Every structure is written in C-alpha cells, then in structure tokens.
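# Reading the structure
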Amino acid sequence: MSPLHVFIYVFSVFISSVSQIILKSSADMKYDNKLKEYLNPRVIIAYGIFFFATFVTVYAYKGIPLSVGPILETTGYLWISLLGYFILKEKISRRKLIGLVIVVAGIIISCL
Amino acid sequence: MSKFKSFVILHIILALFSVSAVFSKLAAMEESLSFKWIIYYGAVLFIMFVYAIAWQQIIKQMPIVTAYANKAVTVIWGIIYGLIIFKEDITVPKIIGAVIIIAGVYLVVTGDEYDEPDKIRDVMNSEAANKEDDCR
C-alpha cells in the first residue's frame, strides 16, 4: 500500500465532502422556481467537484487495496464535521467529537 | 412499509452501493481511458446514480440517523469484496479497526441527537443536588 495513494484517496473524500457542503449551502437558499433550485451555479459546481472526486478515487485505487477504500471513506465524517463547523457554523457536540476521535483511531489501526 | 422491511432494503442498497468500489478498483487496474476503463468507470457512475435515488427513497422510511449509522457497514463489505474478488488479506488490525470505526460512526451520527438530553440530564442533576442541599 503506497502512502501517496492513501493521501490521494483521502483527498478525493475531502473534495467530495466540500461538494456536499456546497450542496447543503445551496439547499438553505431561497429560489424563484424549481428549475433554479437544481440548475444554479452552486449545484452545478458541487456535482462537478463530486464527479472529479470519483475520478480521483479510481486513480487512488491504483495504489491501495479495495478493502482500504471504504475505510478511508469514513474520513468523510471528519471533513463534513470540520467544514460544517468552520463554514456553516454548525456546532460539534461532545459526543460527536469523541466519535470522530474514535473513527480516526479505527482508521489508523486498520491501516497498520 | 414495516420497519424490518425498510431495514432489510437499506442493507441491500448498501451492499449494492459497495459494489461501486469494486468497479473503481477494476477500473484502477486498467489503463486510464482505455475501453475497459471506460466500462468500469461507467459502472461506478451508474451505481452511484441508482444509489442516490434509492437512498433518497429509503431515508423517507426511517430516521436519517439510523440510515447513516448503518452506512458504516460498507467498511465490512469492502473487506468481504476485497477477499472474495481480489484475494486481499483480512488482517486482525483491519477487523479491529473496522469495528472501532463503526462504533465511532455511531457516536458521530447520534452526536447531535444526544446533545440536548445531555443538557437536560445535567440540569436535572444540578437540581437534585440543590434539593439535597436544601434537605440538610
């Protein structure tokens, strides 16, 4: 397993999380009509980033086994929580924080 | 739809969704943009598209927290598909790590829900402590 490809995979999860945050920020806005709700710059950029992320994921799999992919995918919970905290000003409860630490510990252990 | 039925359907959806990672890995084993690569990558996008629709439907049948907590099972599917299809090793740290991740995910997705009851409990405890003081 190559550390570079682990990094690339985690990067793909990160940008995919960014696309989720953009979608969320778009969902919170008011639109004149249904069409604009789906076809607006934020939604298009979000799906563009998501599409790019799937491409990066395939590239990352060149250097990591299949079983490690879904494990690294769970870093998404960390990215979503951090992006939500810093960008959407969402709170992170104590229970959630403990959970995130446990998830990261589990990822590190499974990659040993 | 009964709770049990929607739960079973959720897990069928998650097992199928995990297959998209199998196609990602198959694509990775081919030369980028080759014919086989395009077929496998197309399969990845197709599964994700179907999954997105199925997910939207199933989360109407159960609390979103339940759906997200169960989603952690994809970690197990990755290990199973890796073993069966790509003959990858199942190591002890990988199994222990997966179980720890699932426990952590459960705490993360239920984190918001338990935030309020925690506060209520704290208030009740402090009130109980005050009453004890009053009795003395």
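If you're wondering where the values come from, they're calculated on a predicted model, not measured in any experiment.

For chain A, the helix and strand inventory stands at 6 helices and 0 strands. Its C-alpha atoms give chain A principal-axis dimensions of about 50 × 35 × 15 Å. Across the 112 residues that make up chain A, the buried fraction comes to 30%. A separation threshold of at least 6 residues defines the contact pool for chain A, and within that pool the share at least 24 residues apart is 79%.

We now examine the overall build of chain B. Secondary structure assignment for chain B yields 5 helices and 0 strands. Along chain B, from the amino end to the carboxyl end, the secondary structure elements read α-α-α-α-α. The 136 residues of chain B split such that 29% are buried. Here the contacts in chain B between residues at least 6 apart in sequence split such that 69% fall between residues at least 24 apart.

Residues and elements named next belong to chain B. Tracing the chain through its elements places Ile102 in helix H5 (residues 92–135). Distance in space between the C-alpha atoms of Ile102 and Val44 is 24 Å, their sequence separation being 58 residues. Ignoring anything within four residues of it in the chain, the contact list for Ile102 reads Ala72 and Val75.

Attention now goes to unusual backbone geometry. Positive phi values are uncommon outside glycine, yet Lys89 of chain A reaches one of about 60°. On the basis of neighbour count, Lys89 of chain A is assigned to the exposed category, with 7 C-beta atoms found within 10 Å. Its identity as a non-glycine residue notwithstanding, Leu33 of chain B has a phi of 65°, on the positive side. Within the secondary structure layout, Leu33 of chain B lies in the loop between helix H1 (3–28) and helix H2 (35–58).

Take the nonpolar core next. Ranked by size, the top nonpolar core spans 37 residues in total, and within it Ile71, Tyr77 and Val103 of chain A together with Ala27, Ile101, Val105 and Val108 of chain B carry the most contacts. Ranked by residues supplied to this core, first place goes to H5 of chain B with 7 residues. Setting aside its immediate chain neighbours within four residues, Ile71 of chain A contacts Ile107 and Ser110 of chain A together with Val75, Gly78, Gly97, Ala98 and Ile101 of chain B.

This part covers helix H3 (residues 64–71) of chain B. Three or more residues of H3 of chain B are buried, namely Ala67, Asn70 and Lys71 of chain B. Viewed end-on, H3 of chain B has its buried residues packed into an arc of 110°, placing them on one side of the element.

In this section: the interface of chain B and chain A. Facing 38 residues of chain B, the contacting portion of chain A comprises 27 residues. With 17 residues, the single largest contributor to the side of chain B that touches chain A is H5 of chain B. Its residues assigned to classes, the side of chain B that touches chain A shows 24 nonpolar, 9 polar and 5 charged.

The end-to-end C-alpha distance of H2 of chain B, which contains 24 residues, comes to 34 Å, matching closely the 34 Å that a straight helix rising 1.5 Å per residue would cover. Within the sequence span of H2 of chain B, burial applies to Tyr40, Tyr41, Val44 and Ile58 of chain B. Among the structural elements, helix H3 (41–60) of chain A together with H1 and H3 of chain B are those in contact with the buried residues of H2 of chain B.

Residue and element names in this part refer to chain B. The geometry of H1 relative to helix H4 (residues 74–86) is characterised by a closest axis approach of 9 Å and an angle of 50° between their N-to-C directions. Considering the angle they form, H1 stands oblique to H4. Judged by the twist between their axes, the crossing of H1 over H4 is right-handed. Mapping the contact onto sequence places Leu14, Ala15, Phe17, Ser18, Ala21, Val22 and Lys25 in H1 and Thr74, Trp77, Gly78, Tyr81, Ile85 and Phe86 in H4. The residue inventory of the contact of H1 with H4, partitioned by class, reads 9 nonpolar, 3 polar and 1 charged.

Thresholds applied
- Residues numbered from 1 in each chain as written.
- Chains lettered and ligands numbered in written order.
- Predicted model: local features only at pLDDT ≥ 70, side-chain atom pairs only at ≥ 80, totals over all residues.
- Helix = DSSP H or I, 4+ residues; strand = E, 2+ residues; numbered from the N terminus.
- Buried ≥ 20, exposed ≤ 12 C-beta atoms within 10 Å, placed from the backbone.
- Contact = placed C-beta atoms within 7 Å.
- Core = buried A, V, L, I, M, F, W, Y, C linked by C-beta atoms within 7 Å.
- Arc of directions from axis to C-beta.
- Nonpolar A, V, L, I, M, F, W, Y, C, P; charged D, E, K, R; others polar.
- Expected span 1.5 Å × (residues − 1).
- Axes fitted to C-alpha atoms, helices over the stretch in contact; angles between N-to-C directions.
- Parallel < 35°, antiparallel > 145°, perpendicular 65-115°, else oblique.
- Left-handed = near helix turned anticlockwise from the far one by under 90°.

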